[in-house]
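These are the residues of each chain, in order.
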Amino acid sequence: MANAINTYTELILLDGTRVKMTLNYARLLKLSQDEYFKDIYTRYSNTRMSGVQEELDVALQLYTGYLYANIDDLSNVMTEDQFYEAMDPNRAVTDLAWNNLLYPKKAAASKKRS
């Protein structure tokens, strides 16, 4: 698909583990309908509509992206507290992941000649 956007990005956790994240709208819909995670969806939506008001709003958006990426099997995901504990305290790492999550880059055009 030409100019397709790869909607997945990664966050590197404190122990070096890489977790996938996305903010795909179809996955957003699924999360909004999940009884257990509905509160996360509501809190996420509030931060997106009113803007980030505090530092934990960024962490919440990253956690929500993590849940979206794992929406097909939420039985083995980290809890919100576990996710925050696992996050690297280096704000440059989390801010880069947050920017990549909110503003995914378009896939680079192939340099091969057709």
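Residues numbered from 1 in each chain as written. Predicted model: local features only at pLDDT ≥ 70, side-chain atom pairs only at ≥ 80, totals over all residues. Heavy atoms only, no water.

Q: Sorry if this is basic, but what is going on with the overall build of the protein here?
A: A tally of helices and strands in the protein yields 5 helices and 2 strands. Across the protein, helices and strands are ordered from the amino to the carboxyl terminus as β-β-α-α-α-α-α. Counting all 114 residues of the protein, 37% fall into the buried class. Long-range contacts, defined here as pairs at least 24 residues apart, represent 61% of the contacts in the protein between residues at least 6 apart. Only carbon and sulfur atoms are counted for the fraction: they give 51% of the accessible area of the protein, which is about 7700 Å². (Helix = DSSP H or I, 4+ residues; strand = E, 2+ residues; numbered from the N terminus. Buried < 20%, exposed > 50% of the residue type's maximum accessible area, 1.4 Å probe, protein only. Contact = heavy atoms within 4.5 Å. Areas by Shrake-Rupley, 256 points an atom, 1.4 Å probe, with all protein chains shown as cover.)

Q: Is there a simple way to think about the environment of F37 in this case?
A: Positionally, F37 belongs in the loop between helix 1 (25-33) and helix 2 (38-50). For F37, a relative accessible area of 6% translates into the label buried. Distance from F37 to L74, taken between C-alpha atoms, is 9.3 Å for residues 37 residues apart in sequence. Apart from the residues within four sequence positions on either side, F37 is in contact with L31, Y63, L67, L74 and V77.

Q: I would appreciate a short explanation of the packing of helix 1 against helix 2 in the present structure.
A: Helices that pack against each other are described as a pair by the angle of their axes relative to one another and the distance between those axes. Orientation of helix 1 relative to helix 2, taken along the N-to-C sense of each, is 125°, at an axis distance of 7 Å. Comparing their axes, helix 2 and helix 1 come out oblique. Packed against helix 1, whose contacting residues are L28, L31 and S32, the element helix 2 presents K38, Y41 and Y44 at the interface. Residues that form the contact of helix 1 with helix 2 fall into these classes: 4 nonpolar, 1 polar and 1 charged. (Axes fitted to C-alpha atoms, helices over the stretch in contact; angles between N-to-C directions. Parallel < 35°, antiparallel > 145°, perpendicular 65-115°, else oblique. Nonpolar A, V, L, I, M, F, W, Y, C, P; charged D, E, K, R; others polar.)

Q: Can you walk me through the side chain of D57 in this structure?
A: Here D57 is to be found in helix 3 (residues 55-69). Buried charged residue D57 carries no salt bridge. Nearest counter-charge: R43, at 7.2 Å. Not counting residues up to four positions away in its chain, the partners in contact with D57 are T47, G51 and V52. (Lys, Arg positive; Asp, Glu negative; His and termini not counted. Salt bridge = Lys/Arg side-chain N within 4 Å of Asp/Glu carboxyl O.)

Q: Is there a simple way to think about the packing of helix 3 against helix 5 (residues 91-102) in this case?
A: Close contact between helix 3 and helix 5 brings their axes to 10 Å; oriented N to C, the two are set at 55°. In terms of their interaxial angle, helix 3 and helix 5 are classed as oblique. Between helix 3 and helix 5 lies a crossing whose hand is left-handed. When helix 3 is examined against helix 5, the residues E55, V58, Q61, L62 and G65 are found in contact with a partner set consisting of R91, T94, A97, W98, L101 and L102. Class assignment of the residues belonging to the contact of helix 3 with helix 5 gives a composition of 6 nonpolar, 3 polar and 2 charged. (Left-handed = near helix turned anticlockwise from the far one by under 90°.)

Q: Looking at this model, I keep getting lost on the pairing of strand 1 (residues 9-12). Mind explaining?
A: Residues in a regular strand point their side chains to alternate faces of the sheet. Covered by surrounding structure in strand 1 are T9 and L11 only, the residues E10 and I12 on the alternate face being uncovered. Two elements, strand 1 and strand 2 (residues 18-21), share 4 bridges in a ladder whose sense is antiparallel. The partner of T9 across the bridge, within strand 2, is M21. Here strand 1 hands over to strand 2 after 5 residues, with G16 in that stretch at a positive phi of 95°. (Pairing = 2+ DSSP bridges.)

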